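Examination of the molecular architecture
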Amino acid sequence: MSETVTLHYGEEEGDFHIEHVRRTEPFARTNHWHGTYEIYYQLSGQRAYFIKDRTFLISPGDLVFIGKHQVHKTSDVGLPGHERVVINFSDRFIGGGQEHPLSHPAMLAAFQSSSRVFSLKLPDQIFVQNILQKMAKEIKERATGYETYVKLLLLELLLFSGRYSERAETTAIEHQSPVHKKISEIVRHINANYPEPMTLTGLSEQFYMSPYYLSRAFKEVTGFTFVEYVNTTRIREAQRLLKESNKKIIEIAELTGFENIAHFGRTFKKLARMTPLEYRKGER
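Residues numbered from 1 in each chain as written. Predicted model: local features only at pLDDT ≥ 70, side-chain atom pairs only at ≥ 80, totals over all residues. Heavy atoms only, no water.

What to know about the confidence of the model for the protein chain
Selection criterion: The predictor reports its confidence for every residue as pLDDT, a score running from 0 up to 100. A helix here means a DSSP run of H or I that spans at least four residues, while a strand means a run of E at least two residues long, and both kinds are numbered starting from the N terminus.
Overall, the predicted model of the protein chain reaches an average pLDDT of 86, with 91% of residues at or above 70. Looking over the protein chain, one finds the lowest element-wise mean pLDDT in strand β7 (residues 72-76), namely 80, and the highest in helix α1 (residues 122-141), namely 95.

Now the structure itself:
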């Protein structure tokens, strides 16, 4: 069997989700993002992990933190096969908000770290794996109060990670291939300039690459076509503005780089699976 799912509980976009998977054949997770936080722990094998605008080489003992709505994608490096544990959780699950008795800024500090990836030393690997094993045991046995204990274990992992991010002596290295470095540079440019008109031809001239090569390399590294990534970046910002501001929808369309409201509406519905107005009413 090419894939063995040791544990699966909850849904990726739900309040809490955990999955432990072992794979023996080539595998690449498609580009995606979600409204929950993600913690990824590598048990075996090596992966290339594209997060937001950088590609990291992930090895056993690496702990990865992905914030809400950050684009990410994993792919094989070298020999296929790997084993990992993924946890997703919402603000609501950990009692987001300073009024909660267990709330502390350190709980989410690792998600705000510039490194995003921590290469743990052996004692810390053992500590993290013990927490993950306790979570798995609680979920499988479902004894009285297991959900509360799982939440406490997650808080313990988050506080450990917050402290680790303060001293983070070793972090996973970025992918050093010229292609990955160039595409990361282009992605950062798109992230900073998405409201402006942007074409594949224009970027290929600016970064001294042929349109064909840029298109192929961009898809290989990020999992997106150029147009998909630009539209995704614009819609993610539109979602933020719909949630956090009172700006009119037509104004948000202009601020995020869409030439007309019709194109904005079609693109938003395709990616968010609802209209901008439905999103605003549902999220606020």
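Section: the pattern of salt bridges
We apply this condition: Here, a salt bridge means any Lys or Arg side-chain nitrogen found within 4 Å of an Asp or Glu carboxyl oxygen. To sort residues, take the accessible area from a 1.4 Å probe on protein chains only and compare it with the maximum for the residue type: under 20% means buried, over 50% means exposed, and anything in between is partly exposed.
Within this structure, the stated rule accounts for nine salt bridges. Where K68 meets D91, a salt bridge forms, and the shortest distance between an N and an O atom there is 2.6 Å. Note that K68 is positioned in the loop between β6 (62-66) and β7 and D91 in the loop between β8 (82-89) and β9 (117-119), a separation of 23 residues in sequence. We classify D91 as partly exposed; its relative accessible area is 26%. For the salt bridge of E244 with R240, the shortest nitrogen-to-oxygen distance reads 3.0 Å. Residue E244 and its partner R240 are both found in helix α6 (residues 226-244); the two are separated by four residues, about one turn of the helix. Taking relative accessible area as the criterion, R240 reaches 36% and is therefore assigned partly exposed. The network of salt bridges with shared partners includes E237, R240 and E244.

Quick notes on helix α8 (residues 261-272)
The test is simple: Working rule for helices: expected span equals 1.5 Å times residues minus one. Arc definition: directions from the helix axis to the C-beta atoms.
Given a rise of 1.5 Å per residue, twelve residues ought to cover 16 Å, and the 16 Å separating the end C-alpha atoms of α8 matches this to within 8%. Among all positions of α8, only F264, T267, F268 and A272 are buried. Take α8 and look down its axis: the buried residues cluster within an arc of 105°, on one side only. Residues R266 and K270 are exposed on α8 and point more than 90 degrees away from its buried face. Once α8 ends, the next one or two residues include R273, with phi positive near 65°.

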